[in-house]
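What follows is the residue order along each chain.
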Amino acid sequence: DELISQIAAGEVVERPASVVRELVDNALDAGATQINVKLMAGGVRAIVVEDDGLGIPPAELPLALKRHATSKIRSLDELESVSTMGFRGEALAAISSVAEMAIATRCEGAPHAHRLEARSGELKVAARSRGTSVEVRELFFNTPARRKFLKTDATELAHCLESVRRHALARPDVGFAVWHEGKLVEQWRAGPAEQRLRDVLGEDFFGSSRAVYAEAGPLRIYGRAGLPEAARSRSDMQYVYVNGRYVRDKLIAHGIRSAYEDQLHGSRQPSYVLFIDIAPDRVDVNVHPTKIEVRFRDGREIHQQVRYAVQDALALSRA
Ligand code: ADP
Ligand code: MG
């Protein structure tokens, strides 16, 4: 079982940023309004994600670490219409098989917090306010081959920050803060969606982009698309979300790109952040363990609507 978990971990946990992604997903699912991410050595030494969400009842705490134990899905039907970030019940089990893990958590009205040490199974009384802290230390300590693939701390930190950025763009209603080696390196306060886009992507992007908004039946497309003249040599400012989940999708990327027609010179890359809301039964999010890929039922329709939506936004700027 340990081995199976480690293999499964390979699909879910590639580097510290994958751990950050999963832990922040969980914090959001728990209804957190503030999420603090504390990293040491780019997350390789330590990743601590603290939230002020619902907490985990002590009786469920050991279960949270078991494979395929999820509190979020109760039937196959629900799998079709998942709205939570997690749903496979695999992340904590996978992470705890390739790192040292501890969870401290407290529910509303509980007299105190509990702390579970994954490896020893030791459960102790602890002190903290409502919410959950998950601590992950020495990632890949027991799989040296994988540990060797990790890059410098600075690179791993950059990936961790990108992971938080992706969440932060989608959830302006939640505050995020990231510390590295005890220093606050990024902080986004909860507020209006537009302010969050400005804070995360910068005023430069904001000023050289246009609002996207389109509705077509059960499909809603919104966000911002960078003007063609602000296109960059790198594709690092391309964010697409489907029902609030960050995805990488060739079809959507192509739809957006085609809206620029011949206005992008050479290999220049447009910048954009696009949110696509669609009826859950029109999209399969269960394609990939990290949930980063999706499959649409009406791919061509989506492609066309995305293209139109971005075209409209860009045309506005030419007027
Ligand atoms: P999943 O998110 O797919 O359910 P995970 O392995 O990520 O699976 O988490 C297992 C379970 O642990 C969750 O279903 C949830 O009940 C609990 N859990 C994990 N993290 C938190 C958190 N930050 N706050 C509250 N509950 C949590
Ligand atoms: Mg999860």
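Bear in mind the structure is a predicted one, so any value in this text is a computation, not a measurement.

## Thoughts on the environment of Pro280
And then number 1: With respect to the helices and strands, the residue Pro280 is situated in the loop between strand 13 (272-277) and strand 14 (283-284).
And then number 2: Residues Pro280 and Leu169, spaced 111 residues apart in sequence, show a C-alpha to C-alpha distance of 21 Å.

## So, the packing of helix 2 (residues 16-29) against helix 7 (residues 153-170)
And then number 1: Where helix 2 meets helix 7, the closest approach of the two axes is 8 Å, and the angle between their N-to-C directions is 25 degrees. One finds that helix 2 runs roughly parallel with respect to helix 7. For helix 2 against helix 7, the interelement crossing comes out right-handed. Residue-level contacts link Pro16, Ala17, Val20, Arg21, Val24 and Leu28 of helix 2 to Glu156, His159, Cys160, Glu162, Ser163, Val164 and His167 of helix 7.
And then number 2: Looking at the contact of helix 2 with helix 7 residue by residue, the class counts come to 7 nonpolar, 3 polar and 3 charged.

## Details of the environment of Val306
And then number 1: Structurally, the position occupied by Val306 is in helix 11 (residues 299-318).
And then number 2: Residue classification places Val306 among the buried residues on the basis of 27 C-beta atoms within 10 Å.
And then number 3: Sequence separation between Val306 and Ala214 is 92 residues, and the spatial gap between their C-alpha atoms is 8.5 Å.
And then number 4: Apart from residues lying up to four places away in sequence, Val306 is in contact with Ile221, Ile252, Gly255 and Ile256.

## Here we look at unusual backbone geometry
And then number 1: With phi around 50 degrees, Ala41 is a residue other than glycine that occupies positive phi space.
And then number 2: Position of Ala41 among the secondary structure elements: in the loop between strand 1 (34-40) and strand 2 (46-51).
And then number 3: One non-glycine residue, Glu261, lies in the positive phi region at around 45 degrees.
And then number 4: Exposure remark for Glu261: the 11 C-beta atoms within 10 Å place this residue in the exposed category.

## Section: the packing of helix 7 against helix 8 (residues 193-201)
And then number 1: It is the contact of helix 7 with helix 8, at a shortest axis distance of 9 Å, that shows an interaxial angle of 160 degrees. Viewed along their axes, helix 7 and helix 8 adopt a mutual orientation that is roughly antiparallel. As for the relative orientation of helix 7 and helix 8, their crossing is left-handed in sense. Within the contact between the two elements, helix 7 uses Arg165, Ala168 and Leu169 and helix 8 uses Arg196, Leu197 and Val200.
And then number 2: When its residues are assigned to classes, the contact of helix 7 with helix 8 shows 4 nonpolar, no polar and 2 charged.

Scoring rules and cut-offs
- Residues numbered from 1 in each chain as written.
- Chains lettered and ligands numbered in written order.
- Predicted model: local features only at pLDDT ≥ 70, side-chain atom pairs only at ≥ 80, totals over all residues.
- Helix = DSSP H or I, 4+ residues; strand = E, 2+ residues; numbered from the N terminus.
- Axes fitted to C-alpha atoms, helices over the stretch in contact; angles between N-to-C directions.
- Parallel < 35°, antiparallel > 145°, perpendicular 65-115°, else oblique.
- Left-handed = near helix turned anticlockwise from the far one by under 90°.
- Contact = placed C-beta atoms within 7 Å.
- Nonpolar A, V, L, I, M, F, W, Y, C, P; charged D, E, K, R; others polar.
- Buried ≥ 20, exposed ≤ 12 C-beta atoms within 10 Å, placed from the backbone.

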